[in-house]
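Descriptive structure summary
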Amino acid sequence: MLDKKTHKNTYKVQAVKGVVFATGGWGADNEFISASTPQYSTLESTSQKGATSESVRMLLGLGAMPVLLDIYQVGP
């Protein structure tokens, strides 16, 4: 289907078993770390400043069921 506003093709995909969405991490988002893994909230991060949880928060708001949000990489 052609989106008349953007002139780009759009596709509708219906997942049967699940969808994998890779967000790139959230090591620079202290608020999200405090909520998801509070035991790591006082550690400094080596992540770049753009490593926030915007995508994860959007997906959670849409009702996504996350996996492994309690895993946090401590070293580079």
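Once a new chain begins, its residue numbering starts again from 1 and follows that chain's sequence as written. Restriction of local features to residues with pLDDT of at least 70 applies here, the model being predicted, together with a cutoff of 80 or more for giving and counting side-chain atom pairs; totals for whole chains, interfaces and linings are based on all residues. Computation of side-chain values covers all heavy atoms of the structure but excludes hydrogens and water.

A short note on the overall build of the protein chain
A tally of helices and strands in the protein chain yields 2 helices and 2 strands. Per the convention used, a helix needs a DSSP run of H or I reaching at least four residues, while a strand needs a run of E reaching at least two, with both numbered from the N terminus. Moving toward the C terminus, one meets the helices and strands of the protein chain in the order β-β-α-α. Counting the 76 residues in the protein chain, one finds 14% classified as buried. Summarising the internal contacts of the protein chain: among those between residues at least 6 apart in sequence, 56% fall at separations of at least 24. Each accessible area value is a Shrake-Rupley result obtained with a 1.4 Å probe; residue values ignore everything except the protein chains displayed when judging cover. For the protein chain, the exposed area adds up to about 6700 Å²; of that, 57% sits on carbon and sulfur atoms. Three exposure classes are used, based on accessible area relative to the maximum for each residue type with a 1.4 Å probe and protein chains only: buried under 20%, partly exposed in between, and exposed over 50%. Only heavy atoms enter the contact rule, under which two residues are in contact if any of them lie within 4.5 Å.

A word on a nonpolar patch on the surface
Patch definition: residues above 30% relative accessible area lacking any salt bridge, with like charges linked at up to 9 Å and the nonpolar side chains Val, Leu, Ile, Met, Phe, Trp and Tyr linked at up to 5 Å. Between Lys or Arg on one side and Asp or Glu on the other, a salt bridge is scored when a side-chain nitrogen of the former is within 4 Å of a carboxyl oxygen of the latter. Taken together, Phe21, Met58 and Leu62 make up a surface patch of nonpolar side chains, about 350 Å² in accessible area. Judged by its relative accessible area of 45%, Met58 falls in the partly exposed class.

A look at the packing of aromatic side chains
Aromatic rings from Phe, Tyr and Trp, with only the six-membered ring used for Trp, were paired whenever their centres fell within 6.5 Å, and each pair was classed as stacked if the ring planes differed by under 30 degrees, edge-to-face if by over 60, and tilted otherwise. Considering all chains together, one arrives at 1 aromatic pair under this definition. Ring geometry for Trp26 and Phe32: centres 5.4 Å apart, planes at 75°, overall edge-to-face. As far as burial versus exposure is concerned, Trp26 and Phe32 are alike and both buried.

Some remarks on the environment of Ser55
The residue Ser55 is located in helix H2 (residues 54-61) in this model. A relative accessible area of 27% places Ser55 in the partly exposed class. Beyond its immediate stretch of four places on either side in the chain, Ser55 contacts Phe21 and Thr23.

Topic: the pattern of salt bridges
Evaluated as defined, the whole model comprises 2 salt bridges. Put simply, Glu31 and Arg57 hold a salt bridge, and the shortest N to O gap is 3.8 Å. Pair noted here: Glu31 is in helix H1 (residues 30-36) and Arg57 is in helix H2, with a separation of 26 residues, a long-range link. You can call Arg57 partly exposed: its relative accessible area is 35%.

Let's talk about the confidence of the model for the protein chain
Residues shown with low pLDDT carry predicted positions that ought not to be read at fine detail. The quantity known as pLDDT measures the predictor's confidence residue by residue, on a range of 0 to 100. Across the protein chain, pLDDT averages 82, with 88% of residues at or above 70. Strand E1 (residues 2-3) is the least confidently modelled element of the protein chain, averaging 57 in pLDDT, while H1 averages 91, the highest of any element.

Considering the side chain of Ser53
Structurally, Ser53 can be placed in the loop between H1 and H2. Ignoring sequence-local partners within four residues, the contact set of Ser53 consists of Trp26, Asp29 and Phe32.

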